[in-house]
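# Inside the fold
Residues per chain are reported as follows:
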Amino acid sequence: MKSISQLTDFYYKTLYPVLQELEEEREALKKKIIRFAVIYALVAAFAGWIFLEYAHANMDTMLFYLFAVFVIGATLYKFIIKEYKSDFKEKIIAPLIHELDENLDYFPNLHVQEGYFTRSRLFTSRPDRVSGNDYIRGKIDGVDIEFSDLHAEKKHKDSKSRTTWTTIFQGLFIVSEFNKHFKSQTVVLPDRAQRTFGDFIGNWLQANNFSRNELVKMDNPAFEKEFVVYSNDQVEARYILTHTMMQKLLNYQKQTKHPLYVSFVGGNIYLAIDYDKDLFEASVFHSLLKYKIAMEYLKTLHLAVGVIEELKLNQKLWSKL
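Not measured: the values here are computed from a predicted model.

Rules used throughout
Residues numbered from 1 in each chain as written. Predicted model: local features only at pLDDT ≥ 70, side-chain atom pairs only at ≥ 80, totals over all residues. Heavy atoms only, no water. Helix = DSSP H or I, 4+ residues; strand = E, 2+ residues; numbered from the N terminus. Lys, Arg positive; Asp, Glu negative; His and termini not counted. Charge placed at Lys NZ, Arg CZ, Asp CG, Glu CD. Salt bridge = Lys/Arg side-chain N within 4 Å of Asp/Glu carboxyl O. Core = buried A, V, L, I, M, F, W, Y, C linked by side-chain atoms within 4.5 Å. Buried < 20%, exposed > 50% of the residue type's maximum accessible area, 1.4 Å probe, protein only. Contact = heavy atoms within 4.5 Å. Phe/Tyr/Trp six-rings, centres within 6.5 Å; stacked < 30°, edge-to-face > 60°. Lys NZ or Arg CZ within 6 Å of the ring centre and 35° of its normal. Pairing = 2+ DSSP bridges. Axes fitted to C-alpha atoms, helices over the stretch in contact; angles between N-to-C directions.

### A word on the overall build of the protein
A count of helices and strands for the protein gives 9 helices and 9 strands. When its C-alpha atoms are laid out on the principal axes, the protein stretches across 75 × 55 × 30 Å. Placing the 41 positive and 40 negative side-chain charges of the protein at their respective mean positions leaves the two points 3 Å apart.

### Comments concerning the pattern of salt bridges
Scanning the entire structure with this criterion turns up 13 salt bridges. Here Glu-281 ties to Lys-85 by a salt bridge, and the two come within 3.1 Å at their closest N and O atoms. With Glu-281 in the loop between β9 (268-274) and α8 (291-305) and Lys-85 in helix α2 (residues 59-100), this residue pair connects regions lying 196 residues apart in the sequence. Here Lys-139 makes a salt bridge to Asp-144, at a shortest N to O gap of 2.9 Å. Each of Glu-23, Arg-26, Glu-27 and Lys-30 takes part in salt bridges that share partners, so that together they form one network.

### Structural notes on the nonpolar core
Formed by 67 residues in total, the largest nonpolar core has its most connected members in Ile-174 and Leu-241. Those residues within four positions of Leu-241 in sequence are excluded, and the remaining contacts are Thr-186, Val-188, Met-218, Val-229, Met-246, Leu-249 and Phe-264. With 22 residues, the next largest nonpolar core counts Val-112, Val-130, Leu-189 and Ala-272 among its residues.

### What to know about the packing of aromatic side chains
Geometrically, a pair of aromatic rings is defined through the distance of the ring centres and the angle of the planes. Under the defined criterion, the tally for this structure stands at 17 aromatic pairs. Centroid distance Phe-36 to Tyr-40: 5.5 Å. Interplanar angle 20 degrees. Geometry classified as stacked. You can see Phe-36 and its partner Tyr-40 sitting in helix α1 (residues 4-54), 4 residues apart, about one turn around the helix. Plain terms: the ring middles of Phe-178 and Phe-264 are 5.0 Å apart, the flat faces sit at 65 degrees to each other, and that makes the pair edge-to-face. With a gap of 86 residues between them, Phe-178 in the loop between β4 (163-177) and β5 (186-190) and Phe-264 in strand β8 (residues 260-265) connect regions that are remote in the sequence. Phe-264 shares its class with Phe-178; the two are buried. Through successive ring pairs, a cluster of aromatic residues spans Tyr-116, Phe-117, Phe-123, Phe-169, Phe-173, Tyr-261 and Tyr-270. Here the basic side chain of Lys-180 rests over the ring of Tyr-239, its NZ or CZ set 4.5 Å away from the ring centre.

### A look at the pairing of β5
Counting buried residues along β5, 5 of its 5 residues qualify, which places the element largely inside the surrounding structure. For β5 and strand β7 (residues 227-231), the ladder comprises 5 bridges, and the chain directions are antiparallel. Its bridge partner being in β7, Val-188 is matched across the sheet by Val-229. Of the pairings in the sheet, the one linking β5 to β8 comprises 3 bridges and is antiparallel in character. Bridging across to β8, Val-187 finds its partner in Ser-263.

### A word on the environment of Tyr-116
In this fold, Tyr-116 is placed in helix α3 (residues 114-119). Looking at Tyr-116, the relative accessible area reads 18%, which means it is buried. Expressed as a C-alpha distance, the spacing of Tyr-116 and Ser-159, which sit 43 residues apart in the sequence, is 33 Å.

### As for the sheet that holds strand β3 (residues 143-157)
With respect to topology, 9 strands assemble into an open sheet ordered β1-β2-β3-β4-β9-β8-β5-β7-β6, the strand pairing being antiparallel. The open sheet terminates on both sides in strands that have one partner only, identified here as β1 (104-107) and β6 (214-216). The average angle at which neighbouring strand axes cross in this sheet is 20 degrees, direction not considered. Of the pairings in the sheet, the one linking β3 to β4 comprises 13 bridges and is antiparallel in character. Bridging across to β4, His-151 finds its partner in Gln-170.

No statement about biological role is implied by the geometric values presented.
Spelled out as structure tokens, the structure:
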């Protein structure tokens, strides 16, 4: 696997000319979108005024009209930028992934299977809708890995049968082989209870979380401050979460700079990094030539694939042979 510095060299030496062409396309697209937005807003406002003035629409009807205007506008926006986004992924993201490691395959319109999300036990709510993109899979140092952007949502209906959706998780979802054999289910979650309510109340809330298995207290204060562990086997949880593994998860969490969820289920390790946005999408209103934007793409890719090296998942142990 290539380093960040090697990827950066490739990005600017090989991909930069292509990026400059895409930047011209982006500038033209931005002007097109602004013109479209102005015309669309004027037409929608005029139609809304006629609707209100002559059809005597009530508040509920006007709210529905505004919602329809928003949905139609968002749909048209996605259609307008579709080709540009596709070009960016084909000409920039795909070569970057191949350069990172030639054993990786990239499928921009697919995502990690919903079954993996459910099987991970990371979230207690079962999703009613799962979407995503930028699916990457392959074998790094003999270890199978796959990851993608993932958005899992829960459906709700109110007393008037109106449907709303809430996000269970949105971010980067990673599945990889684990290098130890185990039969239990162990889940490592961000420790929000102790951070919010303090040690006494936080510990009580954690111990009485009836949607989870038994609370496992670890003998690493730094790890306990950041994470809470649940498992259906106390002994095996500690077998998995050695002092070395706990430190590596702490280091990995610092690299992500985002909430990190980890589970060990069915011979796999699952990691969910909460970004609350699509990660490999081309910017429309910000220059593609900015160093900060380039580094965000590079670091995210390296972070996802680097989990194998960071957690030493490529070190096969006798119990996994």
